[in-house]
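Residue-level structural notes
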Amino acid sequence: MRQRTPDLIAATAFLIGVAVMTWETFSEIYLASGQSYAHNAVFYPRILLGVGALLALTLFVSALSKRGALVQVQTERGKRVAALAGVVSLYVIVMPLLGFLAATIAFLAVAPVVLGYRRWLTVVCVATLFPLASWWLFVSFLKIPLPGASVFWAG
Amino acid sequence: MLENIWTALGMLTSTATLVAIIAGTAVGIVVGALPGLGSVVGITMVLPFTIALPQLPSVALMLGVYCGSVYGGSISAILINTPGTPASAATCFDGYPMARRGDADLALGWATMASLIGGVFSIIVLMIAAPQLAALAVRFGPIEYFALMMFALTCIATVSQDSLIKGVLMGVFGLFLGAIGPDPMSGDIRFDFNVFELSAGIGLIPAVVGAFALAEVFHRAAEGISGVAVIGSVGFRIAPLREWLLRWKTVLKASVIGSFIGILPGTGAATASFISYSEVKRTSPRRERMGAGEPDGIIASEAANNAVTGGALVPTLALGIPGDPVTAVMLGSLVLQGVTPGPKLFQENVALVYAILLCLLVVNLMMALMGALGARFFSRILRIPEPLLLSMVTVLALVGAYGVNNRMFDVLVALIIGIVMALLRFAGFSAAPMVIGLVLGPLLEEKLRQALIITDGNFLVFFASPAASLLFLLTLLFAGKAVFAKTRPG
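Residues numbered from 1 in each chain as written. Chains lettered and ligands numbered in written order. Predicted model: local features only at pLDDT ≥ 70, side-chain atom pairs only at ≥ 80, totals over all residues. Heavy atoms only, no water.

The secondary structure content of chain B amounts to 20 helices and 2 strands. Here chain B has a C-alpha radius of gyration of 22 Å; the compact-globule value for 490 residues is 23 Å, and the two agree. In terms of overall dimensions, chain B has a C-alpha envelope of 70 × 55 × 45 Å along the principal axes. Sorting the 490 residues of chain B into buried and exposed places 62% on the buried side. Counting only contacts in chain B whose residues sit at least 6 apart along the sequence, the fraction spanning at least 24 positions is 78%. For chain B, the exposed area adds up to about 17800 Å²; of that, 67% sits on carbon and sulfur atoms. When the 27 positive and 25 negative side-chain charges of chain B are each reduced to one mean point, those points stand 11 Å apart. (Helix = DSSP H or I, 4+ residues; strand = E, 2+ residues; numbered from the N terminus. Rg over C-alpha atoms; globule rule 2.2 N^0.38 Å. Buried < 20%, exposed > 50% of the residue type's maximum accessible area, 1.4 Å probe, protein only. Contact = heavy atoms within 4.5 Å. Areas by Shrake-Rupley, 256 points an atom, 1.4 Å probe, with all protein chains shown as cover. Lys, Arg positive; Asp, Glu negative; His and termini not counted. Charge placed at Lys NZ, Arg CZ, Asp CG, Glu CD.)

Here it is, written out as structure tokens:
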């Protein structure tokens, strides 16, 4: 992969995002908005989208103009990050289903292992004690409700 | 005035406030000492607690984390030659060599006392400057406020690390995120794509949690987990008074630099510590020994970076404009607590302002005390395995996102922004400009459109205001300086 590739991808993503949002500003729901600058709901967002488009285009052209050296893609690192992102995503998805306590115990049992930590006893201790301590601290002591389980029981 | 001070003292001496100060400072020092986390992550981690606490304890907690984390970075800088926060990078130059020759306890003593002095000095600056600035800002109308916001946005250029284009693009992205949800003038819902939860907009806290805490976790996972070599067991020792008296000019210079750099938008503790270090290296009678374990180097860095904490609160409290990403998060949290920083705070809630100043003073004293008594404990913290630490940080961060409105949607927002930000970081983008844009965006739009109503849509009338014209000129100068600095060769 060339050094400029991430810049090209990012600039393209921004340009696509700007295009989608600009299209959205012309939808019917905003037609009833006022005509003057001050009263038009999409006046300010359009300025931002215009500036964003210019900057993204500048970044794209700037990246294209540089050939850039070849860099080795660190696939191991990518896999580790993807795995962690997957575990965190799963954690967020199951939290409302299983409740904070169960979901967090499962997450803390898996996440350190994904990151390469292999002391199982420590993992088990942290995965058990930390969620319990957090639950007590937030729910019982600070009275901040945490997600309960919708699947099995009321958490 | 005396009555307000008495009221403030009464507020300060409540159990909740004192506990918040102790807990916040301790958490801040630990978070600051652990490389890679930083002040913003520290404040993000305590956000769930600020929701449950009353006003002043909540502010005290955040101040404790802020000051504690800036100081805490010196511990790892001295013991393992890795700054806990960027603000302590310059402390490595002399702190680690001093530790390697067997004076780690003395180095910690220099760092702790310098941090205390810098922090207290900045409180004096805050006491004098903030009310004056607030008194000036009371006379500001929408045009002047719009000009002030534009000036504040120049800090985006300053916090853009390597690429100015990428930094400004992220700033614009943040401004746009702030435009999602209700239009401030008409109430029309924008860019919700028929998702009910988006009708309220993107919350600052979930965005910060994702952009800083989660993105940092993913970034650290990518860098790989490494072990660190910690210099044995350490104590704490303060140098004799005569050694301090020899260096009084260094202490004063560093404190002044830190305080005033803190006031400028966008320039944080890291900038202050480097500027201070280079200035002291230029002028100190002991400059030949700097870089080899000379206390002047530690004092220059640590007094300056802690002096930033008070300085950065000047625009935050007086104008409602954050001085750096850390105060941007604090600002969002203050608003959630019903504290609206700005000129009105100094008119309608003077007792709270005094209470915040006193809190800051107690936090600095607590920080020095904890540093002195807890040196051995904090050095052991550095041995926590990073995979466990990152996993626990993730849990606390997501709880913080959930706790604002008790909605899983906010957790989802944090996750999405975290993943997007992690990917953008690999491409050389940074989160700080985005957060600044998100904080300033809604106010910027409101003032712009109010100003356009007043001027009947005529932009040229903006320049009829001398204050606004001056601010526009300063904006151009700062922006031009940033462009010049980033584009000149070498």
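Take helix α5 (residues 120-141) of chain A next. Given a rise of 1.5 Å per residue, 22 residues ought to cover 32 Å, and the 30 Å separating the end C-alpha atoms of α5(A) matches this to within 8%. Buried within α5(A) we find V123(A), V126(A), A127(A), F130(A), P131(A), S134(A) and F138(A). Looking straight down α5(A), one finds its buried side chains confined to an arc of 100°; they lie on one side. Turned more than 90 degrees from where α5(A) packs its buried face, L121(A), L129(A) and F141(A) sit exposed. As for α5(A), its buried residues are in contact with α4 (100-114) of chain A together with α3 (38-52) and α17 (386-403) of chain B. Looking one or two residues past α5(A), K143(A) carries a phi angle of roughly 60°, positive in sign. (Expected span 1.5 Å × (residues − 1). Arc of directions from axis to C-beta.)

Turning our attention to the environment of V65(B). Residues and elements named next belong to chain B. Note that V65 resides in helix α4 (residues 55-80). The spatial distance from the C-alpha of V65 to the C-alpha of V483 is 33 Å, given a sequence separation of 418 residues. If near-sequence neighbours (up to four positions away) are discounted, V65 is found in contact with G24, T25, V27, G28, S39, G42, I43 and V46.

All names here are of chain B. Given a rise of 1.5 Å per residue, 19 residues ought to cover 27 Å, and the 27 Å separating the end C-alpha atoms of helix α2 (residues 15-33) matches this to within 8%. Within α2, burial applies to T17, A20, I21, G24, T25, G28, I29, V30, V31, G32 and A33. As for α2, its buried residues are in contact with α1 (2-12), α3, α4, α15 (350-373) and α16 (375-381).

The quantities given are spatial measurements derived from coordinates; they are silent on function.
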